[in-house]
Amino acid sequence: MCGIIAIAGTTPALPVLAQGLHLLAYRGYDSAGVALEHQGRLHVEKDKGRIADLAPAWLARGLEGCTGIGHTRWATHGPPSKPNAHPHLDARGEVAVVHNGILENDLALREELEAQGVRFASETDTEVVAHLFARAFRGDPVAAAREVLARCKGHFALAILHARLPGTVIGVRRGSPLLVGLGVGEVLLASDTKALAGRADRVLDLGEDEVALATAGGVRIVDAAGQEVRRAPRALGEREQDTGKGGFPHFMLKEIHEQPDRLYELLAGRVEASRGRVRLHEVALDDAAWRATSRIDLVASGTAHYASLYGAYALESLAGIPSRALVAAEYEARGPVLDPSVLVVAVSQSGETADTKAAVEVARARGARTLGVLNVRDSVIGRMVGGLVDIHAGPETSVASTKVYTGMLGALLLLALRAAQARGRGEEALRTLGPALPSVPGLVRRALGTWEQVRAVARHLDGVRDMLYLGRGPDAATAFEGALKMKELSYVHAEGYPAGEMKHGPIALVSRELVTVAIATPGPWRERMLANVREVSAREGPVVVVAAEGDREAARVATHVVEVPATDPWLAPLVNVVPLQLLAYEVAKRRGCDVDQPRNLAKTVTVQ
Ligand code: M6R
């Protein structure tokens, strides 16, 4: 989704903005642009297309100025086009604005401005801000920004230039994040820490309705009440500054290979198998609160929703708390019955997903307790929830979630074990899982060794149009997630199903053309899974079976088999998803798809 980078410095701004736009590209975008201030004049360059094509042309033109704003746009109001790309100017070309988020009253404001004679150059909600700010500016940028805040509804982060304020960038935020990065002799504004990599080593978070005035000499922040804010910057962690692919051709492949280390960091020190205890100090729920919990609603979107399916099974089975995974975008519509005994758990990588945030708002408004399972603590949802579990996956750049998915499974399992412990079921749950848990990073590392087998399977999938992914129990989630990875990366139509549902409809699709992927690793459901595989084979459908190493029976019924290390059925989903991630990657690569930035997708979906 849209991204902002801005700088007030003493060296040419354009290379910094171009680099920042490259770093923001992972969020997903369809157009990009910059505005530079030089000697009291603004110059804008923008268009639809890839930054890799646009930025070199801007750089070749040698645009001057040490102060500027840059933007990646993901179309919401109007299609991707040059006029709709940001930055947007006011009628006199004195104000340039970039915007992340949505203005909810833009139509009313547009009509009002049009009635006053303003002619709009774009279909965007953002342009309204350029005209409003220009009209409100009477020499004091803070007063003008506060006037804009008073007029606008919705959630937004804005970076603004005014030709009569040389060397200054104005930042404003409500709902959407905006960070102030402090570098050497320069101050930057950005919608996430990634865009600051290599330029800033300390950051300040801008609060709700705060206004920042950034110049090369420093930043002045004014809060919603008009008071000056003094806030200590925090250091940017090494991980937050790591932007390289680490020798891998794609971020996705790098992130898939990071999984063992990230899982080690998540699990190490949190499970005391010998004492049958799980430590999750960051969750502000004591034993009594867990005992008083009548139900858990896990609200999430996309991959996070599939992780939540697994989480709901674990919380209900291991801790004995009725739990359900619900698509965040549908939460309000179902009119959930909530009270303080219900715990609503928001699961999200970014902590910014608008649908998930809206579900948390419903939970809070109806009196439920809230918890986040998040990869970005310091995020919009992170600031809303009553407590959180950190997934510890580190920044994920590829649009497709991989290491965050396994991190979510690990974190949700820890949560289920912690709840089980509080409810007197911990020893039972940990008896088998406790000793096995520390082996998970190693098993995931071994599952990465399936890459050659997966490549061989991918060679057979050239030309495939439809796929069906089947799994049972905790691995039903793996089937959904495997199918999502395949469709979003390779654009092959793929559906995930709990395998038992196959005979209630999808079996009608089975033919030589439909490729089925079945997860049949050891556990109570393996026999039934193999029976489903036979049902597909009997109808001449090719089946790729994910089975335990050395499972000869599975190999016999499969068209292709991918062998993974065997483990406990609650831990298997963390292992079994790895070859499915690799399969999606390989098929997408063979089809020439843009692995890290699939078409139409955004990393952070900040619109509902
Ligand atoms: O940041 P979140 O985890 O809240 O994002 C949720 C989904 O948008 C995300 O998982 C999406 O489905 C990814 N494309 C999955 O690869």
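Structural data are supplied above this passage.
Residues numbered from 1 in each chain as written. Predicted model: local features only at pLDDT ≥ 70, side-chain atom pairs only at ≥ 80, totals over all residues. Heavy atoms only, no water.

Our focus in this paragraph is the nonpolar core. Ranked by internal contacts, the top residues of the largest apolar core, which has 98 residues, are Trp290, Met467, Tyr469 and Leu583. No other element matches the 14 residues that helix α13 (residues 403-422) contributes to this core. Beyond its immediate sequence surroundings of up to four residues, Tyr469 is in contact with Ala479, Gly482, Ala483, Met486, Ala494, Glu495, Gly496, Tyr497, Val517, Leu580 and Leu583. Listed in part, the 29 residues of the second largest apolar core include Leu103, Ile170, Val211 and Leu213. (Core = buried A, V, L, I, M, F, W, Y, C linked by side-chain atoms within 4.5 Å. Buried < 20%, exposed > 50% of the residue type's maximum accessible area, 1.4 Å probe, protein only. Helix = DSSP H or I, 4+ residues; strand = E, 2+ residues; numbered from the N terminus. Contact = heavy atoms within 4.5 Å.)

With that settled, consider the site of the ligand. The environment of the ligand is formed by 15 residues, the closest being Ser348, Gln349, Ser350, Thr353 and Glu488. The contact in question runs from an oxygen atom of the ligand to an N or O atom on the side chain of Thr353, over 2.5 Å. Glu488 is positioned such that a nitrogen or oxygen atom in its side chain is 2.5 Å from an oxygen atom of the ligand. Its free accessible area being 410 Å², the ligand has 92% of it covered by the protein chains. Looking at the shell around the ligand, the elements with two or more residues in it are α10 (302-319) and α17 (475-490). With three residues, the top contributor of residues to the shell around the ligand is α10. For the shell around the ligand, the class distribution of residues is five nonpolar, eight polar and two charged. (Near = heavy atom within 4 Å. Polar contact = N/O pair within 3.5 Å; in protein donor to acceptor, adjacent residues only side chain to side chain. Areas by Shrake-Rupley, 256 points an atom, 1.4 Å probe, with all protein chains shown as cover. Nonpolar A, V, L, I, M, F, W, Y, C, P; charged D, E, K, R; others polar.)

Another aspect to go through is the pattern of salt bridges. By the definition in use, this model includes 36 salt bridges. As a salt-bridge pair, Glu210 and Arg231 come within 2.7 Å of each other at their nearest N and O atoms. Taken as a pair, Glu210 in the loop between β11 (202-205) and β12 (211-215) and Arg231 in the loop between β13 (218-222) and β14 (234-235) lie far apart in primary sequence, 21 residues in all. The buried category is assigned to Glu210, whose relative accessible area is 6%. Owing to a relative accessible area of 33%, Arg231 belongs among the partly exposed residues under this scheme. A salt bridge links Arg526 to Asp551; its shortest N-O distance comes to 2.9 Å. (Salt bridge = Lys/Arg side-chain N within 4 Å of Asp/Glu carboxyl O.)

The contact between helix α8 (residues 259-267) and helix α15 (residues 440-448) brings their axes to 8 Å, and the two run at 170°. When the axes of α8 and α15 are compared, the pair comes out roughly antiparallel. Between α8 and α15, the residues in contact are Gln259, Pro260, Asp261, Leu263, Tyr264 and Leu267 and Val440, Pro441, Val444, Arg445 and Leu448, respectively. Here the contact of α8 with α15 is composed, by residue class, of eight nonpolar, one polar and two charged. (Axes fitted to C-alpha atoms, helices over the stretch in contact; angles between N-to-C directions. Parallel < 35°, antiparallel > 145°, perpendicular 65-115°, else oblique.)

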